[in-house]
Amino acid sequence: MKYSLLLLFVVMVTPSLQAQKKWGEISKGTYNIVKNPNGQTLGYSLSSGVKILTVDGLAFKDLNKNGKLDKFEDWRLPSLVRAKDLASKLTVEEIAGLMLYSAHQSIPARAGGYFAGTYNGKHFIKGETDPSDLTDQQKKFLQEDNLRHVLLTTVQSPEIVAQWNNKLQAFCENLGKGIPANNSSDPRHSTIARAEYDAASGGEISMWPGSLGMAATFDPALIERFGKIAAAEYRALGITTALSPQVDIATEPRWARFNGTFGESPLLSAAMAQAYCDGFQSNAWGLKSVNVMVKHWPGGGSGEAGRDAHFANGKYAVYPGNNFKEHMIPFLQGAFKLKGQTKMASAVMPYYSISWNQDTKNGENVGNSYNRYIITDLLRIKYKYDGVVCTDWGITKQHTVMDSIEGKPWGVEKLTEGERHYKALMAGVDQFGGNNDVKPVMEAYALGVKEHGEAKMRARMESSAVRLLQNIFRVGIFENPYLDIQETKAIVGKPEYMKAGYEAQLRSVVLLKNQGNVLPVTSKKTVYVPKRFVAASRNFFGMAIPASTDYPVSLDLVKKYFNVTENPDEADFAFVAITNPSATSGYDKKDLKNGGNGYFPISLQYGDYTATDAREISIAGGDPTETFNNRTYKNKTTKTANFTDAQMVIETKAKMKGKPVIVSVSTTNPMIFGEIEKAASVILLSFGVQDQAIFEILSGKSEPSARLPMQMPVDMKAVEKQAEDVPFDMECYKDTEGNRYDFGFGMNWKGVIKDSKTAQFRGK
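Residues numbered from 1 in each chain as written. Predicted model: local features only at pLDDT ≥ 70, side-chain atom pairs only at ≥ 80, totals over all residues. Heavy atoms only, no water.

**Quick notes on the overall build of the protein chain**
Here's step 1: Scanning the protein chain from terminus to terminus reveals 20 helices and 30 strands.
Here's step 2: For the protein chain, whose C-alpha radius of gyration is 28 Å, the value lies close to the compact-globule estimate of 27 Å for 764 residues.
Here's step 3: Oriented by its inertia axes, the alpha-carbon framework of the protein chain measures out at about 110 × 60 × 55 Å.
Here's step 4: Expressed as a percentage of the 764 residues in the protein chain, the buried residues total 59%.
Here's step 5: Sequence separation of at least 24 residues holds for 73% of the intrachain contacts in the protein chain that already meet a minimum separation of 6.
Here's step 6: For the protein chain, the exposed surface amounts to about 30100 Å²; the carbon and sulfur share of it is 52%. (Helix = DSSP H or I, 4+ residues; strand = E, 2+ residues; numbered from the N terminus. Rg over C-alpha atoms; globule rule 2.2 N^0.38 Å. Buried < 20%, exposed > 50% of the residue type's maximum accessible area, 1.4 Å probe, protein only. Contact = heavy atoms within 4.5 Å. Areas by Shrake-Rupley, 256 points an atom, 1.4 Å probe, with all protein chains shown as cover.)

Listed below in structure tokens is the structure:
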């Protein structure tokens, strides 16, 4: 009797459940799409073994394949509820994998050096290897190390990376609880200088001015529009986290990462940070959202003498102006105080720096990610930030050479790799950038169990897992991480987005000088463009750049606006394109052989510079590889690789015999204009734009409207005397027209731009 009743129940209920089914399913080849009415669209791989559950007539993915609907699989529930449920079900090894953030991945992988990888044991061979395949290394860290956060660098094409994403997500869906990969990227919307803009065509991805150029518009609405467009393109590439924006206030003009910031104004940086985050994360979490990882807490723009903390010689951020708190303004008033419903940036990255003598509780001088006062007491407790905290890349690796970019364990060099992970974990971080290997995280867990017990350490790990999982739930990829290749091709770099980026470039160019109203050149006059010599040098990462001599712009492009001649006597005006002085890193180990300490000045002028006004004794110093603490470079001389740029401007003025010389400077930092300004009739300053944008302004097709997001110092003495941590504290250069190149200065065709924006963003 019991069995017949059960059979009757099954017979009666099954048709009823089928009748309640409200969803439909579409095949996309390697994956299926399930559409819920007024609910989430699901995507699942045909090879993953995931089944669809029907509950209340709606479809849900059975990611852990247990035949029932768990809370974390129920898309109707809030992301926090789902994250807590899934975190409670994960093993410690799975949580440790979530805490990993991969080293840089190139699609396809390169054969050697950075971003290298193999395919079935062999390097990539064009024409033989499928560029969208997963590498051996990727399969290993996904399956064995449980890693789910992947950093993308170069990609062959939008189509290839979309195909790679689908293979990656199918691979992840087949493992464990089916947690999808949260792919990320550093900023990838920079320009190709010689690329020509065509309003009717698209591109690989829309091209926008650099962060300084965005700041130069003084228009937060523009950067919010950028954020929305960039987010759409990111999502079409399978990218759900942006490792940006960089909101450090650039109070130290010599800093190598100055160009990644929004300049030196805390208030302008805060406004731009807020707009950027609102744009990327969208007004409410969902399929249009991209998590932002704002950087670098608590501000990395005050490295002593401008040296950068990627290297041991630049590990110290100093505060001679006692201005530590002001560096947090872009976070507290910007990225953590959004106008949209997402409320705050979902992740934050501390910088490599040791914030010298700022730990007022424990007195520790260790890298920011290792400092409990900076991460827990300030960020978590005082400022109530509860998003993900991810270390900068490679902080737990070993450091052995002063000028090497490998390993940045500043202040904890004597700890083991496992001990470094443990110290950072207990300081309050959730994730380790640039680490594919779960072993040191498990070592950290073991150390914690030994000190605090298993229950407390499990709870500590689980709290990080909740934050990490919540960010993945918010952007909807637990439901559907798969990309329609045709949609990707249609969205990324579409004409509408290319146009918006190009218009932003036009608005980012600063007119500093227009003697005699030379601009605009509205008729098709004849221009002389001298070739530019660039001496051999090395880039930020120490890679060699060979010497070259070539036209600095495409003459074919110039000819669309003006007639071109190689004879200055035949020209109506000259156009000289240069870059700001190319400074050294501030360190040269060859100096050690001569009894020196290796430290040199970083120059912002073209000519040789001797640091007679530098500090006798550095504020901070010390490294396990050094036997001294004083990092002074007083009275040392440094040369600038592109000193010939200034010579070219002066020589061109002589050749033009009184006719106008228009100088276009592409800059990454403040610079000393006194060496070239008197020889120039016109000076245009840009921050990473297509050359065409410059010629649109020269020809009067676009009017300049930008202004300086930073000060331009009168000389290097002013640079040496300013405090690394204080904005607006330099004497500024005054040109022959009587204009001072201060924060907020810029010109249009009528003259100096005067409105309330400069005062608004300067404050005080």
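So much for the structure itself; the text now carries on.
**A closer look at empty space enclosed by the protein**
Here's step 1: For the structure shown, the criterion picks out five cavities of 30 Å³ or more.
Here's step 2: Roughly 100 Å³ of internal volume is contained in the largest cavity.
Here's step 3: Lining the largest cavity are Arg254, Glu304, Ala305, Arg307, Ala614, Arg615, Ser618, Arg631, Thr632, Tyr633, Glu720 and Glu724.
Here's step 4: In terms of residue class, the lining of the largest cavity is made up of three nonpolar, two polar and seven charged.
Here's step 5: Quantified by volume, the second largest cavity comes out at close to 60 Å³.
Here's step 6: Surrounding the second largest cavity, Tyr101, His149, Asn182, Thr241, Asn291, Met293, Ser346, Ala347, Val388, Gln431, Leu468 and Asn471 form its lining.
Here's step 7: Looking at the lining of the second largest cavity, the elements with two or more residues in it are strand S11 (291-297) and helix H13 (454-474).
Here's step 8: Of the residues contributing to the lining of the second largest cavity, the split by class is five nonpolar, seven polar and no charged. (1 Å grid on protein atoms, 1.4 Å probe; cavity = no way out; pocket = protein on both sides within 12 Å on 5 of 7 lines; lining within 4 Å. Points joined across faces, edges and corners; volume = space filled by probe spheres on them. Nonpolar A, V, L, I, M, F, W, Y, C, P; charged D, E, K, R; others polar.)

**So, the pairing of strand S28 (residues 682-686)**
Here's step 1: Along S28, five of the five residues are buried, which leaves the element largely enclosed by surrounding structure.
Here's step 2: Along S28, one buried face is formed by Val682, Leu684 and Ser686 and the opposite face, lined by Ile683 and Leu685, is buried too.
Here's step 3: Strand direction decides the pairing type here: strand S17 (residues 510-514) and S28, joined by four bridges, are antiparallel. Bridging from a neighbouring strand, Asn514 pairs with Val682 of S28.
Here's step 4: When strand S27 (residues 661-666) meets S28, the two strands line up parallel, connected through five bridges. Bridging from a neighbouring strand, Ser664 pairs with Leu684 of S28. (Pairing = 2+ DSSP bridges.)

**So, the pairing of strand S4 (residues 51-55)**
Here's step 1: With five bridges joining them, S4 and strand S5 (residues 58-62) adopt antiparallel strand pairing. From the neighbouring strand, Ile52 faces S5, where its bridge partner is Lys61.
Here's step 2: From the end of S4 to the start of S5, which pair antiparallel, there are two residues, and Asp56 there has a positive phi angle of about 55°.

**Points about the nonpolar core**
Nonpolar side chains tend to gather and get buried jointly when the protein is soluble and globular.
Here's step 1: Within the largest apolar cluster, 146 residues are counted, with the highest numbers of intra-cluster contacts made by Phe280, Trp297, Phe336, Val348, Met461 and Leu469.
Here's step 2: Among all residues touching Leu469, those that are not within four sequence positions of it are Ala83, Leu86, Ala87, Leu90, Leu98, Ile179 and Phe478.
Here's step 3: By size, the runner-up hydrophobic cluster in this structure holds 66 residues, among which are Leu212, Leu557, Ala679 and Val689. (Core = buried A, V, L, I, M, F, W, Y, C linked by side-chain atoms within 4.5 Å.)

**Considerations on the sheet that holds strand S1 (residues 24-27)**
Here's step 1: Strand order in the open sheet formed by three strands is S1-S2-S3, with antiparallel pairing between adjacent strands. Where the open sheet ends on each side, the last strands, each with one partner, are S1 and strand S3 (41-45). Averaged over all pairs of adjacent strands, the angle between strand axes in this sheet comes to 20°, irrespective of strand direction. (Axes fitted to C-alpha atoms, helices over the stretch in contact; angles between N-to-C directions.)

**Some points on the sheet that holds strand S8 (residues 149-155)**
Strand pairing in a sheet relies on backbone hydrogen bonds, with the paired strands running either antiparallel or parallel.
Here's step 1: The seven strands are arranged S7-S8-S9-S10-S11-S13-S15 in an open sheet whose pairing can be described as parallel. Looking at which strands have only one partner, the edges of the open sheet turn out to be strand S7 (104-107) and strand S15 (388-389).
Here's step 2: Summarising the sheet, S7 and S8 pair through three bridges and their orientation is parallel. Bridging across to S8, Gln105 finds its partner in Leu152.
Here's step 3: Sheet strands touched by helix H8 (residues 266-281): strand S10 (239-242) and S11. Its angle to S11, the strand with the most contacts, is close to 155°.

**Observations concerning the pattern of salt bridges**
Here's step 1: Evaluated as defined, the whole model comprises 39 salt bridges.
Here's step 2: With a closest N to O distance of 2.7 Å, Lys167 and Asp133 form a salt bridge. Of this pair, Lys167 sits in helix H5 (residues 158-173) while Asp133 sits in the loop between S7 and helix H4 (136-143), and the two are 34 residues apart along the sequence.
Here's step 3: Residue Lys361 pairs with Asp377 through a salt bridge whose shortest N-O separation is 3.4 Å. Placement of Lys361 in the loop between strand S14 (354-355) and helix H10 (372-382) and of Asp377 in helix H10 is noted, with a sequence separation of 16 residues between them.
Here's step 4: With a relative accessible area of 14%, Asp377 lands in the buried category. (Salt bridge = Lys/Arg side-chain N within 4 Å of Asp/Glu carboxyl O.)

**Remarks on the state of the cysteines**
Here's step 1: Across all of its chains, the model carries zero disulfides by this definition.
Here's step 2: Cysteine Cys172 is unpaired, with the sulfur of Cys390 as its nearest cysteine sulfur at 17 Å.
Here's step 3: Of the residues examined, Cys172 reaches a relative accessible area of 0% and is grouped as buried.
Here's step 4: No disulfide involves Cys277; its sulfur sits 16 Å from that of Cys390, the nearest cysteine. (Disulfide = S-S within 2.5 Å.)

**A word on the layout of surface pockets**
Here's step 1: Taken as a whole, the second largest pocket spans an internal volume of roughly 730 Å³.
Here's step 2: Lining the second largest pocket are 29 residues, with Arg235, Ala236, Leu287, Leu483 and Glu487 positioned closest to its centre.
Here's step 3: Counting only elements with at least two residues in the lining of the second largest pocket, the list comes to strand S2 (31-35), H5, helix H7 (220-236), S10 and helix H14 (485-491).
Here's step 4: In terms of residue count, the dominant contributor to the lining of the second largest pocket is H7 (five residues).
Here's step 5: Split into classes, the residues belonging to the lining of the second largest pocket amount to 13 nonpolar, nine polar and seven charged.

**Observations concerning the packing of aromatic side chains**
Here's step 1: Under the defined criterion, the tally for this structure stands at 32 aromatic pairs.
Here's step 2: Residues Phe575 and Phe695 carry aromatic rings whose centres are separated by 5.0 Å and whose planes lie at 45° to one another, so their mutual orientation is tilted. In this pair, Phe575 is assigned in strand S24 (residues 573-579) and Phe695 in helix H18 (residues 691-698), connecting sequence segments 120 residues apart. Across this residue pair, the class does not change: Phe575 and Phe695 are buried.
Here's step 3: One aromatic cluster in this structure is built from Trp208, Phe226, Tyr234, Tyr276 and Phe280.
Here's step 4: Seen from the ring of Phe728, Arg762 lies directly overhead, with NZ or CZ sitting 4.5 Å from the centre. (Phe/Tyr/Trp six-rings, centres within 6.5 Å; stacked < 30°, edge-to-face > 60°. Lys NZ or Arg CZ within 6 Å of the ring centre and 35° of its normal.)

**A few points about the packing of helix H2 (residues 79-89) against H13**
Here's step 1: H13 packs onto H2 with a crossing angle of 135° between their chain directions and a minimal axis gap of 8 Å. Classed by the angle they form, the pair H2 and H13 counts as oblique. Two packed elements cross with a definite hand, and for H2 against H13 that hand is right-handed. Contacts between H2 and H13 involve Ser79, Leu80, Arg82, Ala83, Lys84, Leu86, Ala87 and Ser88 from the former and Arg458, Glu462, Ala465, Val466, Leu469, Gln470, Phe473 and Arg474 from the latter.
Here's step 2: Here the contact of H2 with H13 is built from residues that sort into eight nonpolar, three polar and five charged. (Parallel < 35°, antiparallel > 145°, perpendicular 65-115°, else oblique. Left-handed = near helix turned anticlockwise from the far one by under 90°.)

**Let's talk about helix H12 (residues 439-452)**
Here's step 1: In a regular helix each residue adds 1.5 Å, so 14 residues correspond to 20 Å; H12 covers 20 Å between its end C-alpha atoms and thus fits that length.
Here's step 2: On its buried face, H12 is in contact with helix H3 (92-98), strand S6 (100-101), helix H11 (417-427), strand S16 (432-433) and H13.
Here's step 3: Phi turns positive, to about 95°, at Gly453, one or two residues after H12. (Expected span 1.5 Å × (residues − 1).)

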